[in-house]
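Residues per chain are reported as follows:
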Amino acid sequence: MSRCARTSSCKLKVAVLTNVIPPYRRPVFQSLCEDERIELAIFLNQPPEMSDGLAQHTLPLHFTRSFNVRFRTRHAKVGVDQHELLPLPLGLPFDLARYRPDLIVSGDLGTRTTLALAMARILRVPLAAWSEEIISTSLAISFGQRVLRRLLIPRIDYFLPWGEPAAEYLMSMGVADDRVFRCAQAVDNEYWRREAARHVPSVAKQALGLSGRVFLSVGRLVARKGLDSLLAAWSRMPATVSGSCSLAIVGAGEEEFQLRRKLEELGLRNVVLFGHRSQEELPRFYAAADIFVFPSLVDVWGLVVNEALACGLPVLASCRTGAGQGLIDGSDAGEVFDPLDVESFTEMLTRWAVGPLPGDRSVARRLVEKADFSKSVQAIQRLVAQIV
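Structure report, in brief. (Residues numbered from 1 in each chain as written. Predicted model: local features only at pLDDT ≥ 70, side-chain atom pairs only at ≥ 80, totals over all residues. Heavy atoms only, no water.)

1. Comments concerning the overall build of the protein
To be explicit about the condition: Only runs of H or I of at least four residues qualify as helices and only runs of E of at least two qualify as strands under DSSP, and these elements are numbered from the N terminus. Put simply, the radius of gyration uses C-alpha atoms, and a globule should come to 2.2 Å times the residue count raised to 0.38. Here's how the labels work: a residue is buried when its accessible area is under 20% of the maximum for its type, exposed when over 50%, partly exposed in between, all with a 1.4 Å probe on protein chains only. Only heavy atoms matter for contacts: two residues are in contact if any of them lie within 4.5 Å across the pair. Using a 1.4 Å probe, accessible areas were evaluated by the Shrake-Rupley method; residue-level cover was limited to the displayed protein chains. His is not counted, nor are the chain ends, whereas Lys and Arg count as positive and Asp and Glu as negative. A charged residue contributes its charge at one atom only: NZ of Lys, CZ of Arg, CG of Asp or CD of Glu.
If you tally the helices and strands in the protein, you get 19 helices and 14 strands. Scaling as 2.2 N^0.38, a compact globule of 388 residues should have a C-alpha radius of gyration of about 21 Å, and the protein matches this with 22 Å. Burial analysis of the protein (388 residues in total) assigns 55% to the buried set. Sequence-distant contacts, at least 24 apart, represent 67% of the contacts inside the protein between residues at least 6 apart. Carbon and sulfur atoms make up 52% of the accessible area of the protein, which totals about 17300 Å². In the protein, 46 side chains carry a positive charge and 42 a negative one; their mean positions are 4 Å apart.

2. Considering the pattern of salt bridges
Here is the rule we go by: Salt bridges are defined by distance alone: a side-chain nitrogen of Lys or Arg within 4 Å of a carboxyl oxygen of Asp or Glu.
Counting across every chain of the model gives 20 salt bridges. Two residues, Asp-52 and Arg-26, come together in a salt bridge whose shortest N-O distance is 3.2 Å. Remark: Arg-26 occurs in helix α2 (residues 26-33) and Asp-52 occurs in the loop between β2 (38-44) and α3 (53-58); sequence separation between them is 26 residues. The pair formed by Asp-52 and Arg-26 is uniform in burial state, with each residue classed as buried. With a shortest N-O distance of 2.6 Å, Glu-190 and Arg-193 are connected by a salt bridge.

3. As for the environment of Gly-251
Assignment of secondary structure puts Gly-251 in the loop between β10 (245-250) and α13 (256-266). Judged by its relative accessible area of 9%, Gly-251 is buried. Distance in space between the C-alpha atoms of Gly-251 and Phe-215 is 15 Å, their sequence separation being 36 residues. If sequence neighbours within four positions are ignored, Gly-251 has contacts with Gly-219, Leu-221, Gly-275 and His-276.

Given below as structure tokens:
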């Protein structure tokens, strides 16, 4: 029994362990802070100034002494690498011992959660792990990671998967459904709908130098985002089709030079790399677009898909992504495809370039409404209620 279960007047002390608080997670934790049953403390492996600016001023953030080791995952099936930071939060046992939480929530299935499990046993409190991993991305984890997860997962009390594909991965690892509290990969749907509606599509197209039917892709310019496959498929469309369309690519990253060189080699004149654009600038691009393309080769989700749907766009999403699997597959708001199958990718782009577009943008908006911040807040509140 937790300390708060024995004393009804006190709050349940929840310790959240993660790297940083990005803008798309802040509303969830902000709502939890406003819950009178919960006292929240967030222990970060990265300095607080690396988190969302508003989170720095409104959330109880604490920096825990850590080593962060650069770690490379090789996704051999798709031929790309993914570089991440492996957190070694050596100060975490001392921080948790001082805080004495009633519930620990750890944001991975690796070293941090291993340490959190040891502290949960010492403090005699339950441990929940949140996870974004999906089956297709888990295929690339190392033998050591696989062994660690086999040892960890049966010993973790509860799970908070972000998105249904993440829940499916946990089920594949033998986790019982009653240990799973489903969260949602979400953005501020109303913000994107409202801000895109401020722009007249024809005016936005003209201002951006785009014409015809506009395809849009937004994301970091790194190999695993599949933009090389997108350009290859685009270049194979009949000239009469591609010539009547535009492709806008928004984002920056290490692949920008190679992509610009490929544009020149392929002679693609109606494809524009716009570079980095701020969140305030992006709604104009969504307003100008007719179709959103998400060709990522490796992605546990892809929140740009949520943004596009909130703006009413049909989405062509990679089957190798959580958003493709969890939102687009089986819906009327787009199509799922394999970006490595360039022939079928080209055929799909051609169909969407010449075929009729959905006349009702509310279809896409209704689809993404089921993914909002409240679903995650309610999932965590249900977990808290079960513990209390």
